[in-house]
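Letter by letter, the chains look like this.
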Amino acid sequence: MAITFASRSRVESLKKLGEGGEAAIYEYDAKRVLKIFNAKTDLARKEKKVKYFISIKGSLPKNVIGPEEIVTVGGKFAGYAMRKLANAEDLHMLAKPKFLVTARFTNQDVLQIVTNLGTHLGALHSAGIIVGDVSDQNFQVCGKSDYFIDVDSWGAKGKFNPDAYTELFTCPDSYAADGSIAFSEENENYNFAVLAFNMLAKIHPFAGTYLPDKNISILERMKRKLSIVGSHKGDIKIPKSIGSWKWMSPKLEEDFIQIFEQGKRMDITPDLQELLGNMKHCSSHDIYYYSKFSECPLCNENAKVKMAPVAAKVTQTANGPQVTVIFAGGDCAYILSSIHYLNREGYAVHFDTGRKFAITRGKRVDFSNDGKVVYVTDDDTIEVYDASDQLISTIERMHKTNYLVRDRDIYYVDNGNNFVKLSVTKSGNMPHYLGQVYNPLLTVSDDGNVLVASMYPKKAIITTPDYNFEVSYTGRIKEYAIKYDKQTKKWLFVYQKANGKYRTMVFAKNQIEYDDDVILYNAQTLSNIDFFNNTIYDPADGKIIGTNIVKNTAREFECSVVDESSALKFTGKGFKIYNKSKIYNYG
(Lines give C-alpha, C1' and ligand atoms only; values in the text may rest on other atoms or scores of the structure.)
Protein backbone atom coordinates (compact mmCIF):
# COMPACT_ATOMS: atom_id res chain seq x y z
CA MET A 1 0.00 0.00 0.00
CA ALA A 2 1.05 3.59 -0.51
CA ILE A 3 -0.10 7.00 0.62
CA THR A 4 -0.63 9.09 -2.48
CA PHE A 5 -0.78 12.83 -3.13
CA ALA A 6 -1.64 14.50 -6.40
CA SER A 7 0.86 17.30 -5.91
CA ARG A 8 3.64 18.43 -3.57
CA SER A 9 1.54 21.42 -2.55
CA ARG A 10 -0.97 19.00 -0.98
CA VAL A 11 1.82 17.56 1.15
CA GLU A 12 3.09 21.00 2.09
CA SER A 13 -0.40 21.99 3.27
CA LEU A 14 0.09 19.55 6.17
CA LYS A 15 1.56 20.73 9.47
CA LYS A 16 5.35 20.74 9.21
CA LEU A 17 7.08 19.40 12.32
CA GLY A 18 10.69 19.85 11.28
CA GLU A 19 13.18 19.94 8.43
CA GLY A 20 16.72 18.72 7.83
CA GLY A 21 19.20 18.80 5.01
CA GLU A 22 17.44 16.25 2.80
CA ALA A 23 13.85 15.96 4.02
CA ALA A 24 10.96 17.54 5.92
CA ILE A 25 8.63 15.90 8.46
CA TYR A 26 4.86 16.50 8.25
CA GLU A 27 2.03 15.46 10.55
CA TYR A 28 -0.29 13.07 8.67
CA ASP A 29 -2.71 11.90 11.36
CA ALA A 30 -2.81 11.19 15.09
CA LYS A 31 -0.50 8.17 14.79
CA ARG A 32 1.71 8.83 11.74
CA VAL A 33 4.08 11.40 10.31
CA LEU A 34 5.50 11.63 6.80
CA LYS A 35 9.16 12.05 5.85
CA ILE A 36 9.25 13.76 2.46
CA PHE A 37 12.61 14.03 0.68
CA ASN A 38 13.61 17.16 -1.19
CA ALA A 39 14.39 17.26 -4.89
CA LYS A 40 18.19 17.16 -4.41
CA THR A 41 18.06 13.75 -2.69
CA ASP A 42 18.96 10.60 -4.64
CA LEU A 43 15.36 9.39 -4.70
CA ALA A 44 16.11 6.18 -6.60
CA ARG A 45 18.56 5.07 -3.89
CA LYS A 46 16.21 6.17 -1.11
CA GLU A 47 13.30 4.28 -2.66
CA LYS A 48 15.30 1.02 -2.73
CA LYS A 49 16.36 1.45 0.89
CA VAL A 50 12.90 2.42 2.12
CA LYS A 51 11.27 -0.57 0.37
CA TYR A 52 13.90 -2.88 1.86
CA PHE A 53 13.33 -1.63 5.40
CA ILE A 54 9.57 -1.89 4.96
CA SER A 55 10.06 -5.53 3.88
CA ILE A 56 11.99 -6.39 7.09
CA LYS A 57 10.19 -4.15 9.57
CA GLY A 58 8.69 -7.15 11.36
CA SER A 59 12.18 -8.38 12.29
CA LEU A 60 13.43 -5.05 13.66
CA PRO A 61 13.22 -4.04 17.35
CA LYS A 62 9.88 -2.44 18.27
CA ASN A 63 11.59 0.84 19.14
CA VAL A 64 12.70 1.42 15.54
CA ILE A 65 10.72 4.31 14.07
CA GLY A 66 11.16 3.24 10.48
CA PRO A 67 9.31 3.23 7.14
CA GLU A 68 5.87 1.62 7.19
CA GLU A 69 4.29 2.86 3.95
CA ILE A 70 5.60 4.44 0.77
CA VAL A 71 4.46 8.01 -0.01
CA THR A 72 4.08 9.04 -3.65
CA VAL A 73 3.50 12.48 -5.15
CA GLY A 74 2.12 12.56 -8.67
CA GLY A 75 2.73 8.81 -8.93
CA LYS A 76 6.44 9.06 -8.04
CA PHE A 77 8.26 8.06 -4.85
CA ALA A 78 8.60 11.01 -2.47
CA GLY A 79 9.09 9.55 1.01
CA TYR A 80 7.47 7.35 3.59
CA ALA A 81 5.13 7.22 6.58
CA MET A 82 6.28 6.24 10.07
CA ARG A 83 4.96 6.16 13.61
CA LYS A 84 4.54 9.46 15.44
CA LEU A 85 6.41 9.98 18.72
CA ALA A 86 4.84 12.35 21.24
CA ASN A 87 7.04 14.46 23.57
CA ALA A 88 10.27 12.82 22.38
CA GLU A 89 13.66 14.44 22.95
CA ASP A 90 16.98 13.97 21.18
CA LEU A 91 19.32 11.72 23.14
CA HIS A 92 21.79 14.58 23.74
CA MET A 93 19.37 16.00 26.34
CA LEU A 94 20.57 13.26 28.71
CA ALA A 95 23.87 15.15 29.00
CA LYS A 96 22.17 18.37 30.16
CA PRO A 97 21.91 18.74 33.96
CA LYS A 98 18.89 21.06 33.90
CA PHE A 99 16.91 18.60 31.75
CA LEU A 100 17.80 15.71 34.04
CA VAL A 101 16.71 17.60 37.16
CA THR A 102 13.45 18.76 35.59
CA ALA A 103 12.68 15.29 34.21
CA ARG A 104 13.80 13.73 37.53
CA PHE A 105 16.27 11.42 35.82
CA THR A 106 19.01 9.89 37.95
CA ASN A 107 22.33 8.61 36.61
CA GLN A 108 20.80 5.14 36.96
CA ASP A 109 17.93 6.16 34.66
CA VAL A 110 20.43 7.40 32.07
CA LEU A 111 22.39 4.15 32.41
CA GLN A 112 19.17 2.20 31.80
CA ILE A 113 18.45 4.12 28.59
CA VAL A 114 22.04 3.79 27.31
CA THR A 115 22.09 0.06 28.14
CA ASN A 116 18.84 -0.51 26.25
CA LEU A 117 20.25 1.45 23.34
CA GLY A 118 23.32 -0.83 23.25
CA THR A 119 21.14 -3.93 23.41
CA HIS A 120 18.98 -2.74 20.53
CA LEU A 121 22.02 -1.71 18.49
CA GLY A 122 23.44 -5.21 18.98
CA ALA A 123 20.15 -6.71 17.73
CA LEU A 124 20.44 -4.59 14.57
CA HIS A 125 24.03 -5.73 14.05
CA SER A 126 22.89 -9.34 14.37
CA ALA A 127 20.36 -8.63 11.61
CA GLY A 128 23.09 -7.26 9.34
CA ILE A 129 22.18 -3.61 9.87
CA ILE A 130 24.79 -0.85 10.23
CA VAL A 131 23.33 2.41 11.59
CA GLY A 132 26.23 4.62 10.48
CA ASP A 133 25.30 7.81 12.32
CA VAL A 134 25.63 6.62 15.92
CA SER A 135 25.44 10.06 17.56
CA ASP A 136 23.53 11.88 20.27
CA GLN A 137 21.18 13.48 17.72
CA ASN A 138 20.25 10.29 15.84
CA PHE A 139 18.35 8.61 18.67
CA GLN A 140 15.44 9.85 20.74
CA VAL A 141 14.07 9.24 24.22
CA CYS A 142 10.45 9.34 25.26
CA GLY A 143 10.15 8.99 29.01
CA LYS A 144 12.79 6.35 29.72
CA SER A 145 12.43 4.51 26.40
CA ASP A 146 14.96 4.77 23.58
CA TYR A 147 14.01 5.05 19.89
CA PHE A 148 15.93 4.67 16.65
CA ILE A 149 15.16 7.21 13.90
CA ASP A 150 16.42 8.18 10.40
CA VAL A 151 16.24 4.55 9.29
CA ASP A 152 16.52 5.53 5.63
CA SER A 153 20.16 6.55 6.26
CA TRP A 154 21.11 3.07 7.58
CA GLY A 155 23.08 0.42 5.73
CA ALA A 156 22.60 -3.33 5.26
CA LYS A 157 25.41 -5.83 4.68
CA GLY A 158 25.73 -6.82 1.03
CA LYS A 159 23.12 -4.27 -0.08
CA PHE A 160 24.07 -0.67 0.67
CA ASN A 161 26.20 1.47 2.97
CA PRO A 162 24.89 4.03 5.46
CA ASP A 163 24.33 7.55 4.14
CA ALA A 164 25.39 9.55 7.19
CA TYR A 165 27.86 9.81 10.06
CA THR A 166 28.87 12.40 12.69
CA GLU A 167 32.60 13.09 13.03
CA LEU A 168 32.64 13.57 16.80
CA PHE A 169 31.23 10.04 17.26
CA THR A 170 33.01 8.23 14.41
CA CYS A 171 35.96 5.88 14.89
CA PRO A 172 39.10 7.54 13.43
CA ASP A 173 40.05 4.17 11.88
CA SER A 174 36.88 4.37 9.76
CA TYR A 175 38.39 6.91 7.38
CA ALA A 176 39.91 5.44 4.22
CA ALA A 177 42.72 7.13 2.29
CA ASP A 178 40.23 8.54 -0.23
CA GLY A 179 38.15 10.12 2.54
CA SER A 180 35.35 7.55 2.41
CA ILE A 181 34.06 5.77 5.51
CA ALA A 182 34.61 2.07 6.16
CA PHE A 183 31.40 1.21 7.99
CA SER A 184 31.48 -1.96 10.12
CA GLU A 185 30.09 -3.43 13.32
CA GLU A 186 33.52 -3.18 14.94
CA ASN A 187 33.92 0.52 14.14
CA GLU A 188 30.35 1.10 15.26
CA ASN A 189 31.23 -0.43 18.64
CA TYR A 190 33.73 2.43 19.02
CA ASN A 191 31.09 4.97 18.01
CA PHE A 192 28.66 3.59 20.59
CA ALA A 193 31.34 3.67 23.30
CA VAL A 194 31.91 7.39 22.63
CA LEU A 195 28.16 7.99 22.76
CA ALA A 196 27.69 5.96 25.95
CA PHE A 197 30.53 7.72 27.80
CA ASN A 198 29.21 11.11 26.67
CA MET A 199 25.75 10.35 28.09
CA LEU A 200 26.96 8.76 31.35
CA ALA A 201 29.76 11.20 32.22
CA LYS A 202 28.13 14.31 30.66
CA ILE A 203 31.30 15.00 28.66
CA HIS A 204 32.78 13.76 25.37
CA PRO A 205 35.69 11.38 26.12
CA PHE A 206 38.03 13.61 24.11
CA ALA A 207 36.79 16.96 25.49
CA GLY A 208 38.39 19.10 28.18
CA THR A 209 41.56 21.14 27.64
CA TYR A 210 44.69 19.27 26.56
CA LEU A 211 47.27 21.36 28.40
CA PRO A 212 50.35 20.52 26.26
CA ASP A 213 48.47 21.91 23.21
CA LYS A 214 45.36 23.90 24.16
CA ASN A 215 44.36 24.48 20.54
CA ILE A 216 44.22 20.83 19.49
CA SER A 217 40.77 19.82 18.25
CA ILE A 218 38.66 16.97 19.58
CA LEU A 219 38.95 15.18 16.22
CA GLU A 220 42.75 15.35 16.31
CA ARG A 221 42.79 14.04 19.87
CA MET A 222 40.59 11.12 18.76
CA LYS A 223 43.14 10.29 16.08
CA ARG A 224 46.02 10.55 18.56
CA LYS A 225 44.11 8.59 21.26
CA LEU A 226 44.36 11.36 23.90
CA SER A 227 41.24 10.67 25.98
CA ILE A 228 40.22 11.86 29.45
CA VAL A 229 40.11 8.33 30.90
CA GLY A 230 43.49 6.80 30.00
CA SER A 231 47.19 7.43 30.36
CA HIS A 232 46.92 11.04 29.18
CA LYS A 233 44.24 12.15 31.64
CA GLY A 234 46.81 13.97 33.78
CA ASP A 235 47.46 16.31 30.85
CA ILE A 236 43.79 17.17 30.40
CA LYS A 237 41.83 19.76 32.39
CA ILE A 238 38.21 18.72 32.75
CA PRO A 239 35.49 21.30 33.56
CA LYS A 240 34.89 21.34 37.29
CA SER A 241 31.14 21.10 36.83
CA ILE A 242 31.41 17.63 35.25
CA GLY A 243 32.24 15.94 38.53
CA SER A 244 33.38 12.33 38.85
CA TRP A 245 32.39 9.25 36.82
CA LYS A 246 34.02 6.87 39.33
CA TRP A 247 30.54 5.56 40.15
CA MET A 248 31.00 3.31 37.09
CA SER A 249 32.40 -0.20 37.47
CA PRO A 250 36.18 -0.60 37.09
CA LYS A 251 35.59 -3.06 34.21
CA LEU A 252 33.52 -0.53 32.23
CA GLU A 253 36.09 2.22 32.78
CA GLU A 254 38.94 -0.09 31.74
CA ASP A 255 37.10 -1.09 28.55
CA PHE A 256 36.53 2.58 27.72
CA ILE A 257 40.33 3.05 27.99
CA GLN A 258 41.00 0.06 25.74
CA ILE A 259 38.57 1.35 23.12
CA PHE A 260 39.60 5.01 23.17
CA GLU A 261 43.38 4.57 23.55
CA GLN A 262 44.37 0.98 22.70
CA GLY A 263 42.52 0.30 19.47
CA LYS A 264 40.09 -2.33 20.80
CA ARG A 265 36.62 -2.55 19.24
CA MET A 266 34.61 -4.58 21.76
CA ASP A 267 30.92 -4.06 22.48
CA ILE A 268 30.57 -2.50 25.95
CA THR A 269 26.89 -3.44 26.30
CA PRO A 270 27.67 -6.45 28.59
CA ASP A 271 29.62 -4.07 30.87
CA LEU A 272 26.65 -1.70 30.95
CA GLN A 273 24.25 -4.54 31.74
CA GLU A 274 26.44 -5.79 34.59
CA LEU A 275 26.74 -2.30 36.06
CA LEU A 276 22.98 -1.71 35.77
CA GLY A 277 22.33 -4.90 37.72
CA ASN A 278 24.60 -3.77 40.57
CA MET A 279 23.72 -0.20 41.54
CA LYS A 280 23.34 1.34 45.00
CA HIS A 281 22.23 4.82 46.06
CA CYS A 282 24.44 7.26 47.97
CA SER A 283 22.29 9.76 49.87
CA SER A 284 25.27 12.08 50.52
CA HIS A 285 25.87 12.70 46.81
CA ASP A 286 22.37 11.72 45.57
CA ILE A 287 23.92 9.40 43.00
CA TYR A 288 23.86 5.68 42.20
CA TYR A 289 27.18 3.83 42.16
CA TYR A 290 28.56 0.34 41.46
CA SER A 291 27.47 -1.64 44.50
CA LYS A 292 30.51 -3.92 44.50
CA PHE A 293 32.56 -1.06 45.93
CA SER A 294 32.76 -1.40 49.71
CA GLU A 295 31.26 2.09 49.96
CA CYS A 296 30.43 4.98 47.70
CA PRO A 297 33.62 5.83 45.78
CA LEU A 298 32.69 9.51 45.88
CA CYS A 299 32.64 9.38 49.68
CA ASN A 300 35.74 7.25 50.20
CA GLU A 301 38.94 9.24 49.70
CA ASN A 302 40.97 6.05 50.17
CA ALA A 303 39.46 4.81 46.93
CA LYS A 304 41.32 7.68 45.27
CA VAL A 305 38.16 9.04 43.73
CA LYS A 306 38.06 12.73 42.99
CA MET A 307 35.20 14.38 44.85
CA ALA A 308 32.55 16.40 43.11
CA PRO A 309 33.40 20.10 43.37
CA VAL A 310 32.10 22.18 46.25
CA ALA A 311 31.96 25.98 46.08
CA ALA A 312 34.75 27.38 48.21
CA LYS A 313 34.08 29.99 50.88
CA VAL A 314 35.13 33.39 49.60
CA THR A 315 37.29 35.58 51.81
CA GLN A 316 36.06 39.13 51.36
CA THR A 317 38.51 42.02 51.58
CA ALA A 318 37.88 45.71 52.00
CA ASN A 319 39.63 46.66 48.76
CA GLY A 320 38.87 43.79 46.40
CA PRO A 321 35.68 42.52 44.79
CA GLN A 322 33.16 41.09 47.26
CA VAL A 323 30.88 38.10 46.93
CA THR A 324 27.42 38.29 48.49
CA VAL A 325 24.81 35.54 48.54
CA ILE A 326 21.51 36.86 47.18
CA PHE A 327 19.59 33.60 47.28
CA ALA A 328 20.25 30.20 48.88
CA GLY A 329 16.90 28.44 49.22
CA GLY A 330 16.90 25.28 51.31
CA ASP A 331 14.29 23.60 49.09
CA CYS A 332 15.91 24.66 45.79
CA ALA A 333 16.82 21.81 43.42
CA TYR A 334 17.74 24.00 40.42
CA ILE A 335 17.62 27.69 39.58
CA LEU A 336 15.66 27.94 36.33
CA SER A 337 15.95 31.68 35.64
CA SER A 338 16.52 35.03 37.30
CA ILE A 339 12.95 34.96 38.68
CA HIS A 340 12.11 31.31 39.46
CA TYR A 341 13.54 27.97 40.56
CA LEU A 342 12.59 24.29 40.78
CA ASN A 343 12.09 22.99 44.31
CA ARG A 344 12.70 19.43 45.50
CA GLU A 345 9.01 18.56 45.27
CA GLY A 346 8.86 19.32 41.55
CA TYR A 347 7.28 22.79 41.73
CA ALA A 348 8.40 25.92 39.96
CA VAL A 349 8.68 28.66 42.60
CA HIS A 350 8.64 32.42 41.94
CA PHE A 351 11.45 34.10 43.92
CA ASP A 352 9.68 37.30 44.98
CA THR A 353 6.18 35.99 45.77
CA GLY A 354 6.82 32.34 46.61
CA ARG A 355 4.06 31.27 44.24
CA LYS A 356 4.32 27.57 43.32
CA PHE A 357 3.22 25.79 40.15
CA ALA A 358 3.68 22.06 39.52
CA ILE A 359 6.00 21.04 36.67
CA THR A 360 4.88 17.90 34.83
CA ARG A 361 7.26 15.83 32.74
CA GLY A 362 7.71 17.12 29.22
CA LYS A 363 6.58 20.65 30.10
CA ARG A 364 8.28 23.88 31.13
CA VAL A 365 6.92 26.54 33.50
CA ASP A 366 7.70 30.28 33.30
CA PHE A 367 6.39 33.26 35.32
CA SER A 368 5.74 36.89 34.58
CA ASN A 369 8.01 39.22 36.55
CA ASP A 370 5.39 39.79 39.28
CA GLY A 371 4.50 36.09 39.42
CA LYS A 372 0.83 36.69 38.61
CA VAL A 373 0.93 35.02 35.18
CA VAL A 374 2.17 31.47 34.59
CA TYR A 375 3.11 30.02 31.20
CA VAL A 376 3.16 26.22 30.74
CA THR A 377 4.80 25.08 27.51
CA ASP A 378 5.02 21.72 25.75
CA ASP A 379 6.16 20.83 22.24
CA ASP A 380 3.13 22.41 20.54
CA THR A 381 1.32 24.83 22.87
CA ILE A 382 1.73 27.57 25.47
CA GLU A 383 -0.91 27.61 28.20
CA VAL A 384 -1.46 30.86 30.11
CA TYR A 385 -2.72 30.78 33.72
CA ASP A 386 -3.86 33.70 35.86
CA ALA A 387 -3.11 34.48 39.50
CA SER A 388 -5.77 31.95 40.60
CA ASP A 389 -4.22 29.11 38.57
CA GLN A 390 -7.10 29.31 36.08
CA LEU A 391 -6.30 28.55 32.45
CA ILE A 392 -7.13 31.70 30.49
CA SER A 393 -5.77 30.84 27.03
CA THR A 394 -3.96 28.21 24.99
CA ILE A 395 -1.62 29.32 22.22
CA GLU A 396 -0.59 26.94 19.44
CA ARG A 397 2.99 27.15 18.24
CA MET A 398 5.09 25.34 15.66
CA HIS A 399 6.27 21.94 16.91
CA LYS A 400 9.38 22.14 19.13
CA THR A 401 10.39 25.61 17.95
CA ASN A 402 12.10 28.07 20.28
CA TYR A 403 10.08 30.46 22.40
CA LEU A 404 10.86 33.10 25.01
CA VAL A 405 8.95 34.67 27.89
CA ARG A 406 9.72 38.26 28.81
CA ASP A 407 7.37 39.28 31.62
CA ARG A 408 3.90 39.67 30.01
CA ASP A 409 5.24 39.13 26.47
CA ILE A 410 5.64 35.74 24.78
CA TYR A 411 7.77 35.38 21.66
CA TYR A 412 7.10 32.23 19.61
CA VAL A 413 6.67 30.81 16.10
CA ASP A 414 3.15 29.91 14.98
CA ASN A 415 2.20 27.09 12.61
CA GLY A 416 2.45 29.46 9.65
CA ASN A 417 6.17 30.17 10.31
CA ASN A 418 5.25 33.61 11.67
CA PHE A 419 7.37 35.02 14.48
CA VAL A 420 4.87 36.42 16.98
CA LYS A 421 5.14 38.70 20.00
CA LEU A 422 2.02 38.13 22.09
CA SER A 423 1.31 40.48 25.00
CA VAL A 424 -0.87 39.21 27.86
CA THR A 425 -3.06 42.09 29.04
CA LYS A 426 -6.07 42.46 31.32
CA SER A 427 -8.31 42.80 28.27
CA GLY A 428 -6.88 39.75 26.47
CA ASN A 429 -3.97 38.61 24.35
CA MET A 430 -2.52 41.12 21.86
CA PRO A 431 -0.48 39.48 19.06
CA HIS A 432 2.08 41.38 16.98
CA TYR A 433 3.50 39.65 13.90
CA LEU A 434 7.23 40.29 13.54
CA GLY A 435 7.84 38.49 10.24
CA GLN A 436 8.33 35.08 8.63
CA VAL A 437 11.07 32.79 9.99
CA TYR A 438 12.45 29.32 9.25
CA ASN A 439 13.73 26.77 11.81
CA PRO A 440 14.66 29.71 14.06
CA LEU A 441 17.07 30.30 16.89
CA LEU A 442 15.99 33.46 18.68
CA THR A 443 16.49 35.67 21.68
CA VAL A 444 15.09 38.88 23.11
CA SER A 445 17.21 41.15 25.30
CA ASP A 446 15.99 42.56 28.60
CA ASP A 447 15.20 45.86 26.89
CA GLY A 448 13.19 44.26 24.08
CA ASN A 449 15.73 43.98 21.26
CA VAL A 450 15.14 40.91 19.10
CA LEU A 451 17.47 38.73 17.03
CA VAL A 452 16.26 35.79 14.95
CA ALA A 453 18.58 33.36 13.15
CA SER A 454 16.58 31.43 10.52
CA MET A 455 18.60 28.25 10.00
CA TYR A 456 18.13 27.18 6.40
CA PRO A 457 20.18 24.20 5.13
CA LYS A 458 23.77 25.49 4.82
CA LYS A 459 22.90 29.15 5.45
CA ALA A 460 21.55 31.28 8.27
CA ILE A 461 19.64 34.52 7.86
CA ILE A 462 20.34 36.79 10.86
CA THR A 463 17.54 39.33 11.34
CA THR A 464 17.17 42.25 13.74
CA PRO A 465 14.99 45.39 13.44
CA ASP A 466 18.07 47.23 12.08
CA TYR A 467 19.73 44.80 9.66
CA ASN A 468 19.87 41.40 7.94
CA PHE A 469 22.96 39.25 7.36
CA GLU A 470 23.38 35.95 5.55
CA VAL A 471 26.09 33.56 6.80
CA SER A 472 27.04 30.07 5.67
CA TYR A 473 27.31 27.15 8.07
CA THR A 474 27.46 23.35 7.98
CA GLY A 475 26.28 20.57 10.26
CA ARG A 476 23.84 20.55 13.15
CA ILE A 477 23.84 23.19 15.85
CA LYS A 478 23.12 21.80 19.32
CA GLU A 479 25.08 24.22 21.52
CA TYR A 480 24.74 27.94 20.95
CA ALA A 481 24.45 31.31 22.69
CA ILE A 482 22.95 34.58 21.45
CA LYS A 483 23.62 37.68 23.59
CA TYR A 484 22.94 41.42 23.20
CA ASP A 485 25.47 44.07 24.25
CA LYS A 486 23.29 46.98 25.35
CA GLN A 487 26.39 49.15 25.75
CA THR A 488 27.52 48.92 22.09
CA LYS A 489 24.20 47.67 20.61
CA LYS A 490 25.93 44.66 19.05
CA TRP A 491 24.86 41.02 18.94
CA LEU A 492 27.00 37.99 19.77
CA PHE A 493 26.21 34.60 18.19
CA VAL A 494 28.37 31.61 19.22
CA TYR A 495 27.83 27.98 18.25
CA GLN A 496 29.81 24.75 18.46
CA LYS A 497 30.97 23.32 15.14
CA ALA A 498 31.10 19.64 14.17
CA ASN A 499 34.85 19.48 14.96
CA GLY A 500 34.29 20.70 18.53
CA LYS A 501 35.54 24.25 17.94
CA TYR A 502 33.35 27.32 18.50
CA ARG A 503 32.43 29.85 15.85
CA THR A 504 32.09 33.34 17.34
CA MET A 505 30.29 36.04 15.36
CA VAL A 506 29.59 39.64 16.39
CA PHE A 507 27.08 41.67 14.36
CA ALA A 508 27.30 45.46 14.31
CA LYS A 509 24.83 47.67 12.46
CA ASN A 510 26.69 47.82 9.16
CA GLN A 511 28.97 44.79 9.23
CA ILE A 512 29.87 41.43 10.68
CA GLU A 513 32.51 42.75 13.04
CA TYR A 514 33.96 39.44 14.17
CA ASP A 515 33.81 35.91 12.70
CA ASP A 516 36.40 33.36 13.84
CA ASP A 517 36.84 30.02 15.64
CA VAL A 518 39.91 30.82 17.75
CA ILE A 519 38.11 31.63 21.03
CA LEU A 520 37.69 28.65 23.37
CA TYR A 521 34.84 28.48 25.89
CA ASN A 522 34.55 26.79 29.29
CA ALA A 523 30.84 27.43 29.91
CA GLN A 524 28.65 24.37 30.34
CA THR A 525 26.19 25.10 28.75
CA LEU A 526 27.32 27.72 26.25
CA SER A 527 24.36 30.01 27.03
CA ASN A 528 25.94 30.73 30.46
CA ILE A 529 28.27 33.33 28.89
CA ASP A 530 27.47 37.06 28.81
CA PHE A 531 28.41 39.95 26.49
CA PHE A 532 28.96 43.59 27.51
CA ASN A 533 31.04 46.45 26.08
CA ASN A 534 32.66 44.23 23.42
CA THR A 535 33.72 41.72 26.08
CA ILE A 536 32.62 38.09 26.25
CA TYR A 537 32.50 36.83 29.85
CA ASP A 538 33.01 33.08 30.21
CA PRO A 539 32.65 31.15 33.52
CA ALA A 540 35.56 28.81 34.29
CA ASP A 541 36.91 26.90 37.27
CA GLY A 542 37.23 29.53 40.01
CA LYS A 543 37.42 32.46 37.63
CA ILE A 544 35.65 34.55 35.02
CA ILE A 545 37.48 35.08 31.73
CA GLY A 546 36.73 38.28 29.86
CA THR A 547 37.72 38.35 26.17
CA ASN A 548 37.49 41.69 24.39
CA ILE A 549 36.90 41.01 20.69
CA VAL A 550 37.91 44.54 19.64
CA LYS A 551 41.19 44.78 21.58
CA ASN A 552 41.92 41.05 21.17
CA THR A 553 42.83 40.84 24.86
CA ALA A 554 41.69 38.62 27.71
CA ARG A 555 41.57 39.12 31.49
CA GLU A 556 40.87 36.68 34.33
CA PHE A 557 38.86 37.60 37.41
CA GLU A 558 39.29 35.18 40.32
CA CYS A 559 36.03 34.15 41.96
CA SER A 560 35.92 30.90 43.87
CA VAL A 561 32.13 30.44 43.68
CA VAL A 562 32.22 30.25 39.86
CA ASP A 563 32.59 27.06 37.87
CA GLU A 564 31.82 26.15 34.27
CA SER A 565 28.13 25.55 35.03
CA SER A 566 27.62 29.06 36.48
CA ALA A 567 25.46 31.43 34.43
CA LEU A 568 26.82 34.99 34.28
CA LYS A 569 25.02 38.31 34.03
CA PHE A 570 27.24 41.43 33.87
CA THR A 571 25.61 44.32 35.76
CA GLY A 572 27.92 47.12 34.59
CA LYS A 573 29.93 47.10 37.84
CA GLY A 574 30.15 43.39 38.55
CA PHE A 575 28.32 40.13 38.00
CA LYS A 576 25.29 38.20 39.10
CA ILE A 577 26.32 34.56 39.27
CA TYR A 578 23.65 31.85 39.00
CA ASN A 579 24.79 28.46 40.30
CA LYS A 580 22.68 25.33 40.65
CA SER A 581 20.96 26.40 43.88
CA LYS A 582 22.50 29.78 44.83
CA ILE A 583 22.70 33.27 43.34
CA TYR A 584 25.58 35.62 44.13
CA ASN A 585 26.53 39.25 43.56
CA TYR A 586 30.20 39.72 42.70
CA GLY A 587 31.74 43.15 42.48
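Further up the page is the structure itself.
Residues numbered from 1 in each chain as written. Predicted model: local features only at pLDDT ≥ 70, side-chain atom pairs only at ≥ 80, totals over all residues. Heavy atoms only, no water.

> Would you explain the overall build of the protein in this entry?
Across its full length, the protein holds eight helices and 43 strands. Radius of gyration (C-alpha) of the protein: 24 Å, near the 25 Å computed for a compact globule of 587 residues. Principal-axis analysis of the C-alpha atoms places the extent of the protein at approximately 75 × 65 × 50 Å. Taking all 587 residues of the protein together, 51% fall into the buried category. In the protein, once contacts between residues fewer than 6 apart in sequence are set aside, the share between residues at least 24 apart is 49%. (Helix = DSSP H or I, 4+ residues; strand = E, 2+ residues; numbered from the N terminus. Rg over C-alpha atoms; globule rule 2.2 N^0.38 Å. Buried < 20%, exposed > 50% of the residue type's maximum accessible area, 1.4 Å probe, protein only. Contact = heavy atoms within 4.5 Å.)

> Honestly, the nonpolar core in this entry has me stumped. Any pointers?
Considering soluble globular proteins, one finds that nonpolar side chains tend to be buried as a cluster. Of all hydrophobic cores here, the largest spans 74 residues; its most connected members are Leu94, Phe192, Phe197, Trp245, Met248 and Phe260. The element contributing the most residues to this core is helix H5 (residues 185-201), with ten residues. If near-sequence neighbours (up to four positions away) are discounted, Phe192 is found in contact with Val114, Leu117, Gly118, Leu121, Val134, Ile268, Thr269 and Leu272. Judged by nonpolar contacts, the second largest core, of 17 residues, contains Ala453, Tyr484, Tyr495 and Phe507. (Core = buried A, V, L, I, M, F, W, Y, C linked by side-chain atoms within 4.5 Å.)

> Where do I start with the pattern of salt bridges in this structure?
If the charged atoms of two oppositely charged side chains come close together, the side chains can form a pair. Counted according to the given criterion, the structure contains 36 salt bridges. Between Glu22 and Lys46 there is a salt bridge, with the nearest N and O atoms lying 3.1 Å from each other. With a gap of 24 residues between them, Glu22 in the loop between strand S2 (16-19) and strand S3 (23-27) and Lys46 in helix H2 (residues 43-55) connect regions that are remote in the sequence. According to the relative accessible area criterion, Glu22 is partly exposed, its value standing at 29%. Using a relative accessible area of 3% as the deciding quantity, one classes Lys46 as buried. Linked by salt bridges that have partners in common, Glu22, Lys35, Arg45, Lys46, Lys49, Asp150, Asp152, Asp163 and Arg476 make up one network. (Salt bridge = Lys/Arg side-chain N within 4 Å of Asp/Glu carboxyl O.)

> Hey, could you run me through the pairing of strand S17 (residues 332-335) in this one?
Side chains on a regular strand alternate between the two faces of the sheet. Examined bridge by bridge, S17 and strand S18 (residues 340-343) share three bridges and lie antiparallel to one another. Across the sheet, residue Cys332 finds its bridge partner in S18, namely Asn343. Following S17, the chain reverses through four residues before pairing antiparallel with S18. (Pairing = 2+ DSSP bridges.)

The analysis is restricted to geometry; functional conclusions fall outside its scope.
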